[in-house]
Amino acid sequence: MNRDVSSKGAKFKLNLARTLVYIFLVFLTILCLFSFYLLIINSTRSNGELQAGFTLVPSTHFFTNLKNAWNDASIDIPRGMLNSFMVAIITAALTTYFSALTAYGLYAYNFKFKKIAFTFIMAVMVIPKQVSAVGFVQLVNKFHLNNNYLPLIVPAVAAPVVFFYMRQYMESTLPLEVVEAARVDGCGEFKTFNTIILPMIKPALAVQMIFAFVESWNNYFIPSLILTKAEYKTVPIMIAQLRSADYSKFDMGKVYMFILLAILPVMIVYMFLSKYIIKGVTAGSVKG
């Protein structure tokens with residue numbers, strides 16, 4: 001009898017804890033989505049309505065704001081989005097591929113300075129970009145690479161954070177017996193990596209592609225230092241330029257509309273690759 005009561009009490013506590021967790025997760029979800037909802041609402045309101053105060057009810061100026069933002073003489077939204085997309089997609093692809101290749105090299109091979117190389121990469125990871133920004137900009141000026149996308153794309157190949165995640169994922173899911181079997185069959189090292197390893201770590205690649213794309217798309221600091229011509233500017237620079245307009249020309253409706261347009265490519269990339277996120281994060285965080 002006491003055992004049944006104790007069992008029922010334990011089940012009640014377990015169900016209560018589970019319910020509280022679900023309530024907390026629902027609250028976090030609503031909190032995360034609220035900012036997107038508010039952005040959509042504000043993109044439907046005029047400048048006067050936005051200055052009047054806060055509301056959760058959409059207005060009727062969505063297409064007016066879209067037309068005003070799209071036809072703004074000070075910025076070229078289609079060109080800016082094309083610039084950002086080109087830089088972001090190339091950066092994401094190179095970052096993910098070469099980080100996976102580096103991680104594979106340190107995971108699958110044993111050589112004399114393996115631990116030193118890993119420690120060095122981890123040390124680079126903790127150095128903020130702002131520390132090296134002045135020297136980097138001077139180097140860009142020295143090689144006359146201002147208003148060029150190479151300084152934004154090439155340095156992204158070295159991504160210690162992506163490398164670390166890839167290495168952890170390989171340790172969790174990639175048996176070295178597969179690599180050894182490929183070598184026995186006479187498969188070359190690069191062919192092994194490109195045709196066998198990459199398909200096996202596809203979830204991790206997708207996760208890091210999303211993160212790298214979003215980081216490059218939202219990158220404002222370095223591009224603002226080296227991109228000065230209008231035809232080379234990316235979306236974050238244009239948003240900052242639109243926000244810095246003088247008060248007589250400042251239109252908050254246009255700003256919110258441009259921000260809404262700016263997050264659409266990120267959402268599209270996420271929808272295409274999101275099915276791999278849970279699988280990639282779970283497998284990469286638990287070592288089997």
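In this text, all values refer to a predicted model and were calculated from it rather than measured experimentally.

(A) Expanded view of the overall build of the protein chain. Each helix and strand in the protein chain was counted, giving 15 helices and zero strands. For the protein chain, the proportion of its 288 residues judged to be buried stands at 36%.

(B) Geometry of the packing of aromatic side chains. Applying the stated criterion across every chain yields a total of 10 aromatic pairs. A centroid spacing of 5.3 Å and a plane angle of 85° characterise the contact between phenylalanine 62 and phenylalanine 63, whose relative ring orientation is edge-to-face. With relative accessibility at 28%, the residue phenylalanine 62 sits in the partly exposed group. We classify phenylalanine 63 as exposed; its relative accessible area is 66%. Seen from their ring centres, tyrosine 104 and tyrosine 109 are 6.0 Å apart, and the 85° between their planes marks the pair as edge-to-face. Classification of tyrosine 109 by relative accessible area gives partly exposed; the value is 27%.

(C) Spatial organisation of a nonpolar patch on the surface. A cluster of nonpolar side chains, namely Val21, Tyr22, Phe24, Leu25, Phe27, Leu28 and Leu31, defines an oily patch on the protein surface of about 700 Å² accessible area. Note on placement: phenylalanine 27 falls in helix α1 (residues 2-43).

(D) Representation of the pattern of salt bridges in the model. Considering all chains together, one arrives at two salt bridges under this definition. In this structure, glutamate 171 engages arginine 167 in a salt bridge whose closest nitrogen and oxygen atoms are separated by 3.0 Å. With a gap of four residues between them, glutamate 171 and arginine 167 both fall in helix α8 (residues 160-173), about one helical turn apart. Across the pair arginine 183 and glutamate 189 runs a salt bridge, and its minimum N-O distance is 3.3 Å.

(E) Layout of helix α6 (residues 129-142). Helix length check: α6 (14 residues) gives 19 Å between terminal C-alpha atoms against 20 Å at 1.5 Å per residue, within 8%. Here α6 has its buried residues at Ala133, Val137 and Val140. Where α6 is buried, its residues meet α7 (150-153) and α12 (221-226). Directly after α6, the chain includes histidine 144, whose backbone phi takes a positive value near 55°.

Analysis parameters
Residues numbered from 1 in each chain as written. Predicted model: local features only at pLDDT ≥ 70, side-chain atom pairs only at ≥ 80, totals over all residues. Heavy atoms only, no water. Helix = DSSP H or I, 4+ residues; strand = E, 2+ residues; numbered from the N terminus. Buried < 20%, exposed > 50% of the residue type's maximum accessible area, 1.4 Å probe, protein only. Phe/Tyr/Trp six-rings, centres within 6.5 Å; stacked < 30°, edge-to-face > 60°. Patch = residues over 30% accessible without salt bridge, like charges linked within 9 Å, V, L, I, M, F, W, Y side chains within 5 Å. Areas by Shrake-Rupley, 256 points an atom, 1.4 Å probe, with all protein chains shown as cover. Salt bridge = Lys/Arg side-chain N within 4 Å of Asp/Glu carboxyl O. Expected span 1.5 Å × (residues − 1). Contact = heavy atoms within 4.5 Å.

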